[in-house]
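So the chains spell out like this:
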Amino acid sequence: MFDILHQLPIFQGLSHEDCIEILEKVNLCFTNHPAGKRLVWADTPCNRLFYLLQGEVEMETVSEDKQIAIKEYIKGPYLFEPESLFGMHTNFRSSYLACTQCSTIDISKRYILDELFRYNICQLNYLNLLSMRAQRLRRYIWKSPLEDLQIRFYYFLLHHCEQSHGKKIIQASMQNLGRQFNETRFIISHLLHDLEDKGFLTFKRGIITIPQLERLAPDYKH
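The notes below deal with the structure included here. Everything numeric here is computed off the predicted structure, so don't read it as measured data.

Moving on to the overall build of the protein. Check the secondary structure of the protein and you find 7 helices and 11 strands. Here the C-alpha coordinates of the protein stretch approximately 60 × 35 × 35 Å along the principal axes. Looking at the 222 residues of the protein, the share that counts as buried comes to 43%. Sequence separation of at least 24 residues holds for 71% of the intrachain contacts in the protein that already meet a minimum separation of 6. By element, 51% of the accessible surface of the protein is carried by carbon and sulfur atoms, the whole surface being about 12,500 Å². Treating the 26 positive side-chain charges of the protein as one cloud and the 26 negative ones as another, the clouds have centres 5 Å apart.

The structure is reproduced here in structure tokens:
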């Protein structure tokens, strides 16, 4: 159990004695999920810290106008949306589906406030998680180039994805993608055909599959 807790970022740095004390006070819910089970629905309340210990999940995020959806594939250990636990909007932003058999652990918000945050190291770990996410987003925004459409496409995905690597699936019409870049449907079609010819992606009927997002990065060594 001690080794499991130390996989989770909020518990890193705690002594063995502190972990034992936490296990005695905090209700940690361990669950195994079969492949195909929906773990979280978007827009449902985020009232717990939810960790993926093992397995792979499909994370789906949909734009506010429902015109673009992006799917990512994430392996554990992984913490689901720690930024959604507090603030003005305390619902999950994305949906999560188990792709393989998964094991998770969740801790209710009440236990976090009443018990976990009594440990300074847990508070600092949580603040570090939020700070890293905010800093990453700010850095990506200011890196956005304007000239090369392929690089703009890469940074668009980088801004809208949780991880900067791995498989991504984008569900969108070329017309709706074009609106994101202020380009015509013809220009977007030309870009996607060019990237397909280079082996970076495949697309058909409004579904773009990118096996490795990192290959689109301008500094990637092809």
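Turning to the sheet that holds strand β2 (residues 38-40), a few remarks are in order. Two pairing modes exist for strands in a sheet, parallel and antiparallel, and in both the strands are linked by backbone hydrogen bonds. Pairing within the open sheet is antiparallel, and its 7 strands lie in the order β2-β7-β4-β5-β9-β11-β10. Of all the strands in the sheet, the pair left with one neighbour each is β2 and β10 (202-204). Direction aside, neighbouring strands of the sheet carry axes that sit 20° apart on average. In terms of strand pairing, strand β9 (residues 168-171) meets strand β11 (residues 207-210) through 4 bridges, oriented antiparallel. What sits directly across from Ile-170, in β11, is Ile-208. Contacts between helix α5 (residues 149-160) and the sheet are confined to β5 (69-75), β9 and β11, with β5 contributing the most and set at about 65° to the helix.

Ranked by internal contacts, the top residues of the largest apolar core, which has 38 residues, are Phe-11, Phe-80 and Ile-107. In terms of residue count, strand β3 (residues 48-54) provides more of this core than any other element does, 5 residues in total. What Phe-80 contacts, discounting residues up to four positions off in sequence, is Leu-39, Phe-50, Tyr-51, Leu-52, Val-57, Phe-92 and Tyr-96. Of all hydrophobic cores here, the second largest spans 28 residues; its members include Cys-161, Ala-172, Leu-201 and Ile-210.

Turning next to the pattern of salt bridges. In total, this model carries 8 salt bridges according to the counting rule given. Ionic pairing is found between Arg-136 and Glu-162, a salt bridge with its closest N-O pair at 3.9 Å. One end of the pair, Arg-136, is in helix α4 (residues 120-143); the other, Glu-162, is in the loop between α5 and β9, with 26 residues separating them in the sequence. In this structure Glu-162 comes out as buried when scored by relative accessible area, which is 13%. A network of salt bridges, in which partner residues are shared, links Glu-83, Arg-133, Arg-136 and Glu-162.

Volume-wise, the largest pocket comes out at about 760 Å³. Along the wall of the largest pocket there are 28 residues; nearest its centre are Thr-61, Glu-83, Arg-93, His-159 and His-160. Of all the elements in the fold, those that place two or more residues in the lining of the largest pocket are β4 (56-62), β5, α4 and α5. At 6 residues, the largest contribution of residues to the lining of the largest pocket is made by α4. Partitioning the lining of the largest pocket into residue classes produces 12 nonpolar, 9 polar and 7 charged. What the second largest pocket holds in volume is close to 250 Å³. Surrounding the second largest pocket, Pro-9, Tyr-78, Leu-79, Pro-82, Leu-129, Met-132, Arg-133, Arg-136, Glu-162 and Gln-163 form its lining.

This next bit is on the packing of α5 against helix α6 (residues 174-181). Following both chains from N to C, one finds α5 and α6 inclined at 95°, their axes separated by 11 Å at the closest point. The angle between α5 and α6 falls in the class roughly perpendicular. Contact residues: α5 offers Leu-149, Arg-152, Phe-153 and Phe-156, while α6 offers Leu-177, Gln-180 and Phe-181. Tallied by class, residues from the contact of α5 with α6 come to 5 nonpolar, 1 polar and 1 charged.

Parameters and conventions
Residues numbered from 1 in each chain as written. Predicted model: local features only at pLDDT ≥ 70, side-chain atom pairs only at ≥ 80, totals over all residues. Heavy atoms only, no water. Helix = DSSP H or I, 4+ residues; strand = E, 2+ residues; numbered from the N terminus. Buried < 20%, exposed > 50% of the residue type's maximum accessible area, 1.4 Å probe, protein only. Contact = heavy atoms within 4.5 Å. Areas by Shrake-Rupley, 256 points an atom, 1.4 Å probe, with all protein chains shown as cover. Lys, Arg positive; Asp, Glu negative; His and termini not counted. Charge placed at Lys NZ, Arg CZ, Asp CG, Glu CD. Pairing = 2+ DSSP bridges. Axes fitted to C-alpha atoms, helices over the stretch in contact; angles between N-to-C directions. Core = buried A, V, L, I, M, F, W, Y, C linked by side-chain atoms within 4.5 Å. Salt bridge = Lys/Arg side-chain N within 4 Å of Asp/Glu carboxyl O. 1 Å grid on protein atoms, 1.4 Å probe; cavity = no way out; pocket = protein on both sides within 12 Å on 5 of 7 lines; lining within 4 Å. Points joined across faces, edges and corners; volume = space filled by probe spheres on them. Nonpolar A, V, L, I, M, F, W, Y, C, P; charged D, E, K, R; others polar. Parallel < 35°, antiparallel > 145°, perpendicular 65-115°, else oblique.

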